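Working through the structure, step by step
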Amino acid sequence: MSARSRLRTIAAAAGVLILVQAIAMGLYWAVERRRDAGRPGRPFAVERLHDGQRAPDAAFEQPDGTSLRAAALRGRPVLLHFWATWCAPCRAELPRLLELGQQLERAGRLQVVAVSVDENWEVVRAFFGGEVPPGVVRAGSPAVQQRFGVSTLPDTFLVEADGRMSLRFTGARDWRAPEATTLLLGQERPAP
């Protein structure tokens, strides 16, 4: 191989490496921008769902093996939260969300249902130190996530008492933020 041919090969390889690095940096910045929306001190980003779409009537698996149908949750607002034990932002966010959920449930204002997409109960039980708290269920199948359109974890939906999905929170949030309570208590929710 001639010296000129080697130089062309090296230049082509360098070009490919630069292209791959540029793509990786672009992906990194996209992920960081999405994460910024959920960090404390950042705006409490929310997607308002105005099309009146009803929550799919999926069946969730409860820790005791029984099923909980989404339709059975109608009657008061439900915060439906999709998460996994292997998802770092989920692990950081979930304790605060469950704490807020307990406060709002005691006040009779809102129910929180945390839907684990993990493959089995063993990992979920281990995550909670053996005792799964109330309100934690398992999707049981990837089809449940697909029916809700979940593509990123964590992903959270506010389902109104009539079963209509009104708000979506994609990515982790600081559920202690005042904006969270304001949104969840209905003071800034979209009209039906």
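It should be emphasised that the depicted structure is a prediction, and the values quoted were computed from it without experimental measurement. (Residues numbered from 1 in each chain as written. Predicted model: local features only at pLDDT ≥ 70, side-chain atom pairs only at ≥ 80, totals over all residues. Heavy atoms only, no water.)

Right, let's talk about the confidence of the model for the protein for a bit. Should the pLDDT be low somewhere, the predicted coordinates at that spot are not to be read in detail. Looking at the protein, the pLDDT average stands at 85 and 88% of residues meet or exceed 70. Ranking the elements of the protein by mean pLDDT puts helix H1 (residues 3-36) last with 76 and strand S6 (residues 136-138) first with 97. Across residues 187-192, confidence stays below pLDDT 50; counting only partners more than four residues off in sequence or on other chains, it has 17 contacts. (pLDDT = per-residue confidence, 0-100. Helix = DSSP H or I, 4+ residues; strand = E, 2+ residues; numbered from the N terminus. Contact = heavy atoms within 4.5 Å.)

The subject of this paragraph is the nonpolar core. Within the largest apolar cluster, 48 residues are counted, with the highest numbers of intra-cluster contacts made by Phe-60, Leu-79, Phe-82, Phe-148, Trp-175 and Leu-184. Of the residues forming this core, the biggest block, 6 residues, is contributed by helix H2 (residues 88-106). Beyond its immediate sequence surroundings of up to four residues, Phe-82 is in contact with Val-115, Val-117, Val-144, Gln-145, Phe-148, Val-150, Leu-153, Pro-154, Asp-155 and Phe-157. (Core = buried A, V, L, I, M, F, W, Y, C linked by side-chain atoms within 4.5 Å. Buried < 20%, exposed > 50% of the residue type's maximum accessible area, 1.4 Å probe, protein only.)

A complete count under the given rule lists 1 cavity of 30 Å³ or more for this structure. By volume, the largest cavity is sized at about 80 Å³. Lining the largest cavity are Ala-55, Ala-70, Ala-71, Leu-73, Arg-74, Arg-76, Val-78, Leu-80, Val-159, Glu-160 and Gly-163. (1 Å grid on protein atoms, 1.4 Å probe; cavity = no way out; pocket = protein on both sides within 12 Å on 5 of 7 lines; lining within 4 Å. Points joined across faces, edges and corners; volume = space filled by probe spheres on them.)

Moving on to the state of the cysteines. This structure, assessed with the given rule, holds 1 disulfide. One disulfide in the model links Cys-87 with Cys-90; its S-S distance is 2.4 Å. Every disulfide takes its handedness from the sign of the S-S torsion; for Cys-87 and Cys-90 that torsion is 75°, giving right-handed. Exposure class is identical for Cys-87 and Cys-90. Each is buried. (Disulfide = S-S within 2.5 Å.)

Throughout the structure, instances matching the rule amount to 8 aromatic pairs. A ring pair is formed by Phe-82 and Phe-157, whose centres lie 6.2 Å apart and whose planes are at 90°; its orientation type is edge-to-face. Separated by 75 residues along the polypeptide, Phe-82 in strand S4 (residues 78-83) and Phe-157 in strand S7 (residues 155-159) bring together distant segments of the chain. Across the pair, exposure class does not vary: Phe-82 and Phe-157 are buried alike. Arranged with centres 5.1 Å apart and planes meeting at 70°, the rings of Phe-169 and Trp-175 form a pair that is edge-to-face. We note that Phe-169, like Trp-175, is buried. Within the aromatic cluster, the residues linked to one another by ring pairs are Phe-60, Phe-82, Phe-148 and Phe-157. (Phe/Tyr/Trp six-rings, centres within 6.5 Å; stacked < 30°, edge-to-face > 60°.)

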